[in-house]
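Below, each chain spelled out in residue letters.
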Amino acid sequence: MKCNIIKRISALLLTILCLLPSLLFCLSGCAAEGIGSDTVTLYVYNWGEYISDGSEGCLDSNAVFEDWYYDTYGVRVKVNYSTFSSNESLYAKLSSGSVSYDVVVPSDYMIERLISEDLLAPLNYDNIPLAKENLLPEFFGETSEHSAYDPGNVYSVPYLYGMIGIIYNTTMVEADDPGLGSWKLMWDENHAGNILQFNNSRDAFGTAQYFLGIDVNSDDEAEWRSALDKLREQKPILQGYVMDEIYNKMENGSAGIAAYYAGDYLAMYENNPDLEFFYPKEGTNLYVDAMCVPKSAKNKEIAERYINFMLSVDPTYGAPAIANAEYTYYASPNQKVVDDESYIEYMSEIKEDAYEKMYDTDAVQTSTYKNLSGEKLMLINRLWEELKSDVTVSAGIYVICGIIVTVLLGLFIFFAVRKKIRNIY
């Protein structure tokens, strides 16, 4: 009997010891972060390095939103913030239905696709009053020239925008290089091994299409194949296909030429003043990244208030719209940001012509990506896979024929040797 009691006590103690770390972790986590049963988690999915995050003394936009929301509505909200590197990766997650986000920040053509597939919720602008108050008319409203992807902004609120150009290292590209000012620089064999290309299909094809003078929204399969041929021509001289990896490569000088977004160029320039940038004369893409609420969102009202907060220039809460523009270096569609003297001064301190490079772009020839038909999207995916694998249909046939010939030759030799051995014995 005594042994049984001791065993039971020992088992109870062992159970308590096993559960103790989990209990302590839960208690400490709740105490440290103020997370309780009454806390709402807001899931936000955005591009990498695309919000002021509190690093190096800048505003922590998400943390300040949490404080603002509690002060304003008496509800504790915890922002669960994660990032993606391309519109296509965002689409893969959202369309799979395996995850649920409250706020996402896709680009224009992807917003158009998400709307067509009924994956976004119409917005209630009673919760987003700053959109009408602060946003530039060319980016927001019924007559906006830059919101054709979502007429009337029923599903999206512009966050930041920009254009694609070419970054180059002045220690590797001479000032009189004939490729400067043109997409031609990305195809110059004299710079073989130092060129970086986008690792996403739409932007990569775009570089070739602008260079060739082809419509980036073409319905003609032959034109897409012409762009593929141009990218295949470029492939042997590339160092690689990149997205966020471009930062290290361009900043440390291990690559010298790359197509990328203007705002990111300024971030790289801060760490490597040998870098310069231009918009190609043949034309380039103007893109808008906008805040949306997926149809599957669990906290739509809070999500809309989050969007409104990100448009604010109220200094009481750190003017998040200005802080985000300063942190990312991307152009802001927010009139209150564009006109802010402290923001203009901040940009000029980064680089003398930084503000002009982002906003004085009327002379640049631009167009925007549009959502393509399902058939064309499948075509682009096939062509992209073909480029990356470097196996064309004809090449595949040659490979298969080669395998068949090798097998037949092997069988012939096997039976010839076998017959010879039988004749000997």
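The structure contained in this document is the topic of the report that follows. Computed from a predicted structure; not experimentally measured. (Residues numbered from 1 in each chain as written. Predicted model: local features only at pLDDT ≥ 70, side-chain atom pairs only at ≥ 80, totals over all residues. Heavy atoms only, no water.)

Let us look at the nonpolar core. Nonpolar side chains tend to gather and get buried jointly when the protein is soluble and globular. Among the nonpolar cores identified, the biggest contains 127 residues, and Phe-65, Val-157, Phe-205, Ile-246, Met-250, Met-291 and Tyr-306 are the most heavily contacted of them. Among the elements that make up this core, the one with the highest residue count is strand E4 (residues 156-169) (nine residues). Here Val-157 is in contact with Leu-123, Tyr-125, Ile-128, Ala-131, Leu-135, Ala-290, Met-291, Ile-307 and Leu-311, once residues within four sequence places are set aside. (Core = buried A, V, L, I, M, F, W, Y, C linked by side-chain atoms within 4.5 Å. Buried < 20%, exposed > 50% of the residue type's maximum accessible area, 1.4 Å probe, protein only. Helix = DSSP H or I, 4+ residues; strand = E, 2+ residues; numbered from the N terminus. Contact = heavy atoms within 4.5 Å.)

Let's shift gears to the packing of aromatic side chains. For the coordinates displayed, the defined rule picks out 32 aromatic pairs. When the ring of Tyr-45 is compared with that of Tyr-101, the centres are 4.3 Å apart and the planes differ by 5°; the resulting orientation is stacked. Of this pair, Tyr-45 sits in strand E1 (residues 40-47) while Tyr-101 sits in the loop between helix H3 (87-96) and strand E3 (103-104), and the two are 56 residues apart along the sequence. Judged by relative accessible area, which is 7%, Tyr-101 ranks as buried. Both rings, one in Tyr-50 and one in Tyr-330, keep their centres 4.9 Å apart while their planes meet at 80°; by these two values the pair is edge-to-face. Residue Tyr-50 is found in the loop between E1 and helix H2 (61-73), and its partner Tyr-330 is found in the loop between helix H11 (320-328) and helix H12 (335-338); the two are separated by 280 residues along the sequence. Considered together, Tyr-50 and Tyr-330 belong to a single accessibility category, that of buried residues. Members of the aromatic cluster, each reached through a chain of ring pairs, are Tyr-50, Tyr-159, Phe-198, Tyr-260, Tyr-261, Tyr-287 and Tyr-330. Above the face of the Tyr-91 ring, Arg-113 is positioned so that its terminal group lies 3.7 Å from the ring centre. Its guanidinium or amino end placed over the ring of Tyr-109, Arg-202 lies 5.0 Å from that ring's centre, counting from NZ or CZ. (Phe/Tyr/Trp six-rings, centres within 6.5 Å; stacked < 30°, edge-to-face > 60°. Lys NZ or Arg CZ within 6 Å of the ring centre and 35° of its normal.)

With that settled, consider the environment of Ala-148. Within the secondary structure layout, Ala-148 lies in the loop between helix H5 (130-134) and E4. For Ala-148, a relative accessible area of 60% gives the class exposed. The sequence separation of Ala-148 and Glu-112 amounts to 36 residues, and the corresponding C-alpha distance is 8.7 Å.

Taking 1.5 Å as the rise per residue, helix H15 (residues 374-389) with 16 residues should run 22 Å; its terminal C-alpha atoms sit 22 Å apart, in good agreement. Along H15, the residues classified as buried are Lys-376, Leu-377, Leu-379, Ile-380, Leu-383, Trp-384, Glu-386 and Leu-387. In this fold, the buried residues of H15 make contact with helix H4 (108-116), strand E5 (195-198), helix H6 (201-212), helix H7 (221-234) and strand E6 (238-242). Just beyond H15, the residue with positive phi is Asp-390, at close to 65°. (Expected span 1.5 Å × (residues − 1).)

For the coordinates displayed, the defined rule picks out four cavities of 30 Å³ or more. When its volume is computed, the largest cavity comes out at roughly 280 Å³. Every residue lining the largest cavity is counted, 26 residues in all, and those nearest its centre are Trp-47, Ser-85, Met-243, Tyr-261 and Tyr-330. Broken down by secondary-structure element, the contributors of at least two residues to the lining of the largest cavity are H3, H4, H6, strand E7 (257-261) and strand E9 (284-292). Sort the elements by how many residues they give to the lining of the largest cavity and E9 lands first, with three residues. For the lining of the largest cavity, the class distribution of residues is eleven nonpolar, seven polar and eight charged. In this model, the second largest cavity occupies a volume close to 70 Å³. As for the second largest cavity, its lining consists of 13 residues, and the residues nearest its centre are Tyr-159, Leu-160, Met-310, Ala-321 and Ser-332. Counting only elements with at least two residues in the lining of the second largest cavity, the list comes to E4 and H11. The element that contributes the greatest number of residues to the lining of the second largest cavity is E4, accounting for three residues. Residue composition of the lining of the second largest cavity, by class: ten nonpolar, three polar and no charged. (1 Å grid on protein atoms, 1.4 Å probe; cavity = no way out; pocket = protein on both sides within 12 Å on 5 of 7 lines; lining within 4 Å. Points joined across faces, edges and corners; volume = space filled by probe spheres on them. Nonpolar A, V, L, I, M, F, W, Y, C, P; charged D, E, K, R; others polar.)

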